[in-house]
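The lines below spell out each chain.
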Protein chains: 2
Amino acid sequence: MADVTLKKLSELLNLSISTVSRALKDHADVSEETRNRVKQLAAMVDYEPNTYAINLRTNHSREFGVIIPSIANDFYQSFISSLEEEARYNGYSLIILQSGDDPATEIENLRRCKQNRLAGIFVSITSRTNDLNPFMRLVEQDIPVIFFDIVPAFEACNKVCVDDAAAAVMAAETLIAQKKKNILAIFGKNQLSITRKRLQAFTETFNKYGSDAQLNSLHAGSTADTFTLLMDHLASPLKYDVVFCMSDEILIGVMKAIQTLGLRLPQDIGVLAISEGIIPTYYYPRITYIETSGFKLAKMAFSRMLACIAGSSYVQELKSEPVLVAGGSL
Amino acid sequence: MADVTLKKLSELLNLSISTVSRALKDHADVSEETRNRVKQLAAMVDYEPNTYAINLRTNHSREFGVIIPSIANDFYQSFISSLEEEARYNGYSLIILQSGDDPATEIENLRRCKQNRLAGIFVSITSRTNDLNPFMRLVEQDIPVIFFDIVPAFEACNKVCVDDAAAAVMAAETLIAQKKKNILAIFGKNQLSITRKRLQAFTETFNKYGSDAQLNSLHAGSTADTFTLLMDHLASPLKYDVVFCMSDEILIGVMKAIQTLGLRLPQDIGVLAISEGIIPTYYYPRITYIETSGFKLAKMAFSRMLACIAGSSYVQELKSEPVLVAGGSL
DNA sequence: AACATTTCCGCAAACGTTTGCGGAAACATT
DNA sequence: AATGTTTCCGCAAACGTTTGCGGAAATGTT
């Protein structure tokens, strides 16, 4: 029952191994009749090609590596979910490796990818990664590397990421269009590049439109930070008509405060967020947000990967366009 | 630069391939001196064994398959995160395959695992899976299969899952200890086995303790269902002093209603849930919940897998004990 | 000094595929 | 009828590793 190989098939059919192999892949060098005989028997005995042998012979596999800081994150969750679908549809599999935001583990994961001779690697670097050489060395060995989400700032490499500036611009424009006049905007840690990009684009947009809105931009390092900050700033008398949240983490803190204070959306105050799209559905009414979902990003990353495998050698930097998803919080 | 093999090493060292191979794995048949020479050169030229060849030769790989309905789920997220850590620590990798709650895709994924000759498979079956034979066939081919979370009801197989009954009992006991008298309990779809187990254990516990609490148990199919149901049942005059939520999905709907109605935790009403542990932290105060986290489950599943690979042939059914995590909602 | 034992290493087969090449048979063209 | 062309198939090498076996040299035992 166990392992049926090309050899066994060839013996049963009085053919050579080569002919059986070619027949199974519809090679023109074998007659239609023989092809059918072979395929029929193969189906009957449930022949399955030995992937180990194929990999060795062809010197490549149909597996991609995915290196991320942690899978426990809404963004990576949607990204991987979408990427896996694409991969499966194209006959590839995904190997997941978490770096736990530790550069050393990241290097170790990279080594494993190389050792397993994966067909390509998708990687979202840790916040503390500063040596990109190990990644570049893979590229030199013809293993395509696609950076996504958190990508190196300067290096010439394939990058696929959210258009942070565009998302922030869209947020600002939405608030301006809604004629909000007293805006409390909460951003993440100042040293993160994502924070700087979003903050800059956000404020610049208000200037560009010559808006007369009062804009108060604050930073919060975590959900808990945001909560205490907001409990203070949203205390009555209420000075704001809307709160803008740069990320899901912040949105959660803001909503905790709003609930605790008994404020109601959208009558008492409006809320607009930049979000992966999961958290906003947890509230009633649903939060209006600018989507930076991993789904689209994954499809872009995957098609870029296929292009690389097909031989595209130049590098490319792709950005996914944000989309406004209307809820009832504005 | 590219591919350095045993052959190249052997030529550089004037040794045979076999000796080099053995030296690298500290085989006793090669002298200490030679071993060191070999290892030194190998390190210098950055030799990396060809995994394809090793797999073919040894006829097994260090990769596990993980088949789940969808990765976009808090439970699977924590499960996989934890499982990947364990695997990596033990030199294994994880291949993720989503079935999209479609039995046909599930079979296809299973076929791919078999074809890729993975070392073992972790699987959480879809809600519509009823033919377990394809899985059993893998077991016969000496590929261990560990079912987790959603497991087959009757078949003799390795199962690792949450102790649904124990979690429900703990929930009931908590409510009784808190002397709650008017309980609104929301459960999921009645046809799901998880619902039946939790509902039964929950109500039986109240009977067992001879509680005089008023218990109203309702079913809701989704978050939206729960919301509309609760908007009705929690309308004033408020008849309940606590709401019990069987799952995260239900908790979200309940909280939406509570927020919309402007009820405050825990003064106006209490909330207790059975949860994966993420959602309860999204609210203020944090929701008190019975944890059924995937972390512990993953560790149990992995060690069971290792036992299977080591030759343990009997099947085992493991349950993870739930834990009460106190928040401020009771 | 003769023999037995240990130490160390190489030969070669095997794992299951893919594929370049060559060749026999069948067919088509003069 | 002789030649060129096409159709169909098999031989054998190659991918890089592991490992049983055998054997030469070194060491130990009478």
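Residues numbered from 1 in each chain as written. Chains lettered and ligands numbered in written order. Predicted model: local features only at pLDDT ≥ 70, side-chain atom pairs only at ≥ 80, totals over all residues. Heavy atoms only, no water.

## Structural notes on the protein's contact with DNA strand C
Here is the rule we go by: Whether a residue is near a molecule or strand depends on its heavy atoms: it is near if one of them lies within 4 Å of it. We define a polar contact as two N or O atoms separated by no more than 3.5 Å, with the added condition that, inside protein, one atom must be a possible hydrogen donor and the other a possible acceptor, whereas residues neighbouring each other in sequence contribute only through side-chain atom pairs. A helix here means a DSSP run of H or I that spans at least four residues, while a strand means a run of E at least two residues long, and both kinds are numbered starting from the N terminus. Under this grouping Gly is polar, as are all residues other than the nonpolar Ala, Val, Leu, Ile, Met, Phe, Trp, Tyr, Cys and Pro and the charged Asp, Glu, Lys and Arg.
With respect to spatial proximity, 25 residues lie near DNA strand C, and among them Lys 25 and Arg 57 of chain A together with Thr 19, Arg 22 and Thr 34 of chain B are the closest. Restricting attention to atoms of DNA strand C within 4 Å of the protein, one finds that 57% of them are sugar or phosphate atoms. Side-chain polar atom of Ser 21 of chain A to a phosphate oxygen of DNA strand C: 2.8 Å apart, as the coordinates give it. In this structure, a base nitrogen belonging to DNA strand C sits 2.7 Å away from a side-chain N or O atom of Ser 18 of chain B. The set of elements that each furnish at least two residues to the surface near DNA strand C consists of α2 (17-24) and α4 (51-58) of chain A together with α2 (17-24) and α4 (51-58) of chain B. Considering only residue class, the surface near DNA strand C consists of nine nonpolar, ten polar and six charged.

## Here's the deal with the interface of chain A and chain B
Put simply, the test is: Any two residues whose heavy atoms approach within 4.5 Å are treated as being in contact. The term buried area means the drop in 1.4 Å probe accessible area that two parts suffer when joined, counted for both and summed. A pairing counts as a salt bridge when a side-chain nitrogen of Lys or Arg comes within 4 Å of a carboxyl oxygen of Asp or Glu.
In this assembly, 53 residues from chain A lie in contact with 52 residues from chain B. Here chain A and chain B share an interface that buries about 5,100 Å² over both sides, 48% of which is from carbon and sulfur atoms. When the buried surface of chain A facing chain B is broken down by residue, Tyr 52, Arg 117 and Tyr 282 of chain A rank first, second and third, together holding 16% of it. Here Glu 48 of chain B ties to Lys 114 of chain A by a salt bridge, and the two come within 3.9 Å at their closest N and O atoms.

## Here we look at the nonpolar core
For soluble globular proteins, nonpolar side chains are generally found buried alongside one another. To keep things clear, this is the line we draw: Buried Ala, Val, Leu, Ile, Met, Phe, Trp, Tyr and Cys residues that are joined via side-chain atoms within 4.5 Å together make up what is termed a nonpolar core. Exposed residues in this analysis have more than 50% of their type's maximum accessible area, buried residues have under 20%, and partly exposed residues fall in between, with area computed by a 1.4 Å probe over protein chains only.
Judged by nonpolar contacts, the single largest core of 92 residues is most densely connected at Phe 202 of chain A together with Phe 202 and Phe 244 of chain B. Sequence-distant contacts of Phe 244 of chain B, that is, excluding residues within four places in its chain, are made with Ala 171, Leu 175, Leu 184, Ala 185, Ile 186, Phe 187, Phe 202, Leu 272 and Ile 274 of chain B. Judged by nonpolar contacts, the second largest core, of 50 residues, contains Tyr 76, Phe 148 and Met 305 of chain A together with Tyr 76 of chain B.

## Thoughts on helix α7 (residues 133-140) of chain A
Residues spaced three or four apart along an α-helix face the same direction, because each turn holds 3.6 residues. Residue and element names in this part refer to chain A. Those residues of α7 lying buried are Pro 134, Phe 135, Met 136 and Leu 138. The elements touched by buried residues of α7 are α6 (103-115), β3 (120-123) and β4 (145-148). Looking at the residues trailing α7, positive phi occurs at Asp 142, about 65 degrees.

## What about the packing of helix α5 (residues 74-89) of chain A against helix α12 (residues 294-309) of chain A?
All names here are of chain A. Just so we agree on the cut-off: Under this scheme, a helix contributes an axis fitted over its contacting stretch, all axes are lines through C-alpha atoms, and angles between N-to-C directions fall in the 0 to 180 degree range. Any angle from 65 to 115 degrees is called roughly perpendicular, while one under 35 is roughly parallel, one over 145 is roughly antiparallel, and all others are oblique. Whether a crossing is left-handed or right-handed is set by the direction in which the near helix is turned from the far one by less than a right angle, anticlockwise for left-handed and clockwise for right-handed.
Remark: α5 packs on α12, axes separated minimally by 7 Å, with the N-to-C direction vectors making an angle of 45 degrees. Between α5 and α12, the angle is such that the two are oblique. Note on packing geometry: the crossing formed by α5 with α12 is right-handed. Residues Phe 75, Ser 78, Phe 79, Ser 81, Ser 82, Leu 83, Glu 86 and Ala 87 of α5 pack against Gly 294, Phe 295, Leu 297, Ala 298, Lys 299, Ala 301 and Phe 302 of α12. Residues of the contact of α5 with α12, tallied by class, amount to nine nonpolar, four polar and two charged.

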